[in-house]
Amino acid sequence: MKIAIIAEKPSVAREIAAIVGASHKEDGFMTGNGYMVTYAFGHLIQLAMPEDYGFSGFVKENLPIIPETFILKPRQVREGKEYKPDAGALKQLKVIKHVFDSCDKIVVATDAGREGCLIFRYIYHHLNCKKPFDRLWISSLTDKAIKDGLQNLKQGSDYDNLYYAAKARSEADWLVGINASQALSIAAGRGVYSLGRVQTPTLAMICQRFLENKNFTPVPFWQIRVQTEKANIPFAVVNREKYDRKDTANAIFQKLQGNSLQVQTVEKKEVNQEPPLLYDLTALQKEANSKHGFSADKTLSIAQKLYENKAITYPRTGSRYISADVFDEIPELINSLKTHPRFGGYAAKMDTQILNIRCVDDKKVTDHHALLITENQPKDLSGEEQTIYEMVAGRMLEAFSKKCVKDATTIILMCSDTVFEAKGAVIKQAGWRAVFNEKEETEEDGALPEVMQGETLPILKSELLEKQTKPKPLHTEASLLSEMETAGKTVENEAERAAMKESGIGTPATRAAIIETLFSRNYIVREKKSLVPTEKGLTVYETVKDKRIADVALTGSWENTLAQIERGEMQPETFQKTIEIYTRQITMELLDTKITVSDENACVCPKCKTAPIRFYPKVAKCSDPNCGLVVFRTISEKELTDKQILELLTKGKTAVINGFKSKAGKIFPAALKIDENYKVTFEFSEKKGNFKKKS
């Protein structure tokens, strides 16, 4: 029997081929020892565009576009006015067909998640393949994990529901994205406005926070801080009440002068802080953003690379727990860190016979367990890779460590009917906090002196503090990910956040891409760590904020529905009908919208020098039909941004742009220039040979 194995990427295919003995390399696959191992390049097959159903784009009468049956097509690339099949995708699909046709059975080794299932099934159905297939379902790419997985293959049908959920998500995003984007663009009368099932509620959260922050009016208030001491140990106390009038605060402040403090109560208690749970992808992204300034997309990219290099387990996980059988491997993983330059000392002191089991719960493990390191010690990591690896490794040590134990003290004092309070804490057992030795961000600062109820303490110094109420800060990627996780509800409690995960918007695997889409659409920009909407983003938000398309809670409920489809608790047809009704509603809603667009791309045509340029989905062109100036958005398979086209039209030339592809398939950089005939040409640097080429 000959067995075909299909992986998601060439690098993974090579690893599997080496293990199964498929050592002979062919064009697009490896063969040997009864195996043929091939690969995709991500999504080789996609849902067809409206033109494939006979609908030309951006025509009001055609909306909404709701296909009776979705058509699958090889991946498309835009070239000039049209979409054409990606030559590389066509070539690899031909290879995959040959491999499938040559074998008796298929082993699916695409990434073990919703999108991995979709990638394979779309290829399988497009090729009209009928061969039986099994599923390789593993959580890391170590040799041991792959060998164990191949010995314990799952039936392909076990993952039907996961595919149905992925297919439902894909088709819903097509229906909402295509129709809503075209409807809003038609309503605007010009320009291109992209809306999406998850993209638009996410934009709404960013804009809403920005406007709340911008329109916030600070309210002043006053408090009194007093410096006192006991046994030559100074400490500060602050009054509990906040005064909204300065004269009231000042009158009380004057009463304190020449007075003393009376100790009312002294409360001491032992506080236990359990270690944090292991990372899922979203938790890793949030902390990497807040501590290191990494974008969500960057964190995912680095984690994916570490996974493919066998250093960590599958990163696109939504679980912060591990199962009991995985827990059996933890002592070995901890021991593997004994030689680590940063964690070696701590790992060597851990008693692996007595580990914290807070994050061990079979019922809370989803498709994949929480992020862990593997037994493979990575070498030659870049600085950023080292940062993410050490976050995962350090969190693993924290999660299985002893709890942190503190002695916390609260002292209540009185002076002239004014109540003051002081808090302090002393760590008795550092426990998990010793892994990184990071100081906790808290108002409790160090030890307080020993005082007794009824004791009198001197007022050494007092001051009137003028403060202001503060708005919620602008969203960072970390805070946005938290709100996406809980469908826009600010939830601090870890258990409550976990309970709401299935109602969040997006998934751990897709949230980074959603945020990046908002950047690419020029809806938001970064200002240091903050996410700030552009004028274009605010215009879209103001237009749709009261529409169904921006409803965060509704979008969150759909994620819950998709999770139900995964579990076999709901039929995908039910979800499909709901989305079709919703699509019709939002399309009509948006077509009836009046939108005033501030044209960031306003510029006069460089050819006729009178009429303005208009930006459309596939071209930018002069609004005077007699002029005829046209600039295509896609040149040599590179899609130009509005900013690049604007630079070309206003300056006559762009900066060097990366990512053009020659007819031979080679990627090259070049500047674009408008020549004397108002045609767009390439301009190459001296190093590449000083010549020009018409696009």
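Anyway, here's the lowdown on the structure attached to this text. (Residues numbered from 1 in each chain as written. Predicted model: local features only at pLDDT ≥ 70, side-chain atom pairs only at ≥ 80, totals over all residues. Heavy atoms only, no water.)

**Considering the side chain of Glu8**
Logical step 1: Relative to the elements of secondary structure, Glu8 occurs in the loop between β1 (3-7) and α1 (10-20).
Logical step 2: Notably, Glu8 is buried but unbridged: the nearest opposite-charge side chain belongs to Lys9, and the N-O separation is 6.1 Å. (Helix = DSSP H or I, 4+ residues; strand = E, 2+ residues; numbered from the N terminus. Buried < 20%, exposed > 50% of the residue type's maximum accessible area, 1.4 Å probe, protein only. Lys, Arg positive; Asp, Glu negative; His and termini not counted. Salt bridge = Lys/Arg side-chain N within 4 Å of Asp/Glu carboxyl O.)

**Some thoughts on the packing of aromatic side chains**
Logical step 1: For the structure shown, the criterion picks out 18 aromatic pairs.
Logical step 2: Pairing Tyr39 with Phe41 gives two aromatic rings, centres 5.6 Å apart and planes at 75°, and the pair type is edge-to-face.
Logical step 3: Judged by its relative accessible area of 12%, Tyr39 is buried.
Logical step 4: Since its relative accessible area comes to 38%, Phe41 is described here as partly exposed. (Phe/Tyr/Trp six-rings, centres within 6.5 Å; stacked < 30°, edge-to-face > 60°.)

**Description of a negative patch on the surface**
Logical step 1: Side chains of Asp325, Asp328, Glu329, Glu332, Asp362 and Glu375 sit close together on the surface and give a patch of like negative charge.
Logical step 2: Relative to the helices and strands, Asp328 is located in the loop between α10 (324-327) and α11 (330-335). (Patch = residues over 30% accessible without salt bridge, like charges linked within 9 Å, V, L, I, M, F, W, Y side chains within 5 Å. Areas by Shrake-Rupley, 256 points an atom, 1.4 Å probe, with all protein chains shown as cover. Charge placed at Lys NZ, Arg CZ, Asp CG, Glu CD.)

**A closer look at the sheet that holds strand β9 (residues 105-109)**
Logical step 1: Pairing is mixed across the open sheet formed by 7 strands, whose spatial order is β2-β3-β4-β1-β9-β10-β11. Across the chains shown, the open sheet's two edge strands, defined by having one partner strand only, are β2 (24-26) and β11 (154-155).
Logical step 2: As paired elements, strand β3 (residues 29-32) and strand β4 (residues 35-39) share 4 bridges and run antiparallel to each other. Residue pairing across strands places Met30 opposite Val37, the latter belonging to β4.
Logical step 3: Packing against the sheet, α1 makes contact with β1, β3, β4 and β9, and its axis sits at approximately 170° to β4. (Pairing = 2+ DSSP bridges. Contact = heavy atoms within 4.5 Å. Axes fitted to C-alpha atoms, helices over the stretch in contact; angles between N-to-C directions.)

**What to know about the pattern of salt bridges**
Logical step 1: On inspection of all chains with the given rule, the structure shows 39 salt bridges.
Logical step 2: With a shortest N-O distance of 3.6 Å, Lys91 and Asp27 are connected by a salt bridge. You can see Lys91 sitting in helix α2 (residues 87-102) and its partner Asp27 sitting in the loop between β2 and β3, a full 64 residues away along the chain.
Logical step 3: Lys91 sits in the partly exposed class, given a relative accessible area of 48%.

**So, the environment of Asn626**
Logical step 1: Relative to the helices and strands, Asn626 resides in the loop between β22 (619-622) and β23 (630-632).
Logical step 2: Overall, Asn626 belongs to the exposed group, its relative accessible area being 72%.

**What to know about the packing of helix α5 (residues 160-188) against helix α18 (residues 552-566)**
To describe two helices that pack against each other, one gives the angle between their axes and the distance between the axes.
Logical step 1: Running from N to C, α5 and α18 point in directions that differ by 150°, and their axes come no closer than 7 Å. For the element pair α5 / α18, the angle class is roughly antiparallel. Two secondary-structure elements touch here, α5 through Asn161, Leu162, Tyr164, Ala165, Ala168 and Arg169 and α18 through Leu562, Ile565 and Glu566.
Logical step 2: For the contact of α5 with α18, a count of residues per class yields 6 nonpolar, 1 polar and 2 charged. (Parallel < 35°, antiparallel > 145°, perpendicular 65-115°, else oblique. Nonpolar A, V, L, I, M, F, W, Y, C, P; charged D, E, K, R; others polar.)

**Structural notes on the sheet that holds strand β21 (residues 613-615)**
Logical step 1: If you walk across this open sheet you meet the 3 strands as β21-β22-β23, and the pairing is antiparallel. The open sheet has two edge strands with one neighbour each: β21 and β23. Each neighbouring strand pair of the sheet contributes to a mean axis angle of 15°, computed without reference to strand direction.
Logical step 2: Sheet analysis places β21 next to β22, joined by 3 bridges and oriented antiparallel. Opposite Ile613, over in β22, you have Cys622 as the bridge partner.
Logical step 3: Along the sheet, helix α20 (residues 642-651) makes contact with β21, β22 and β23, crossing β21 at roughly 165°.

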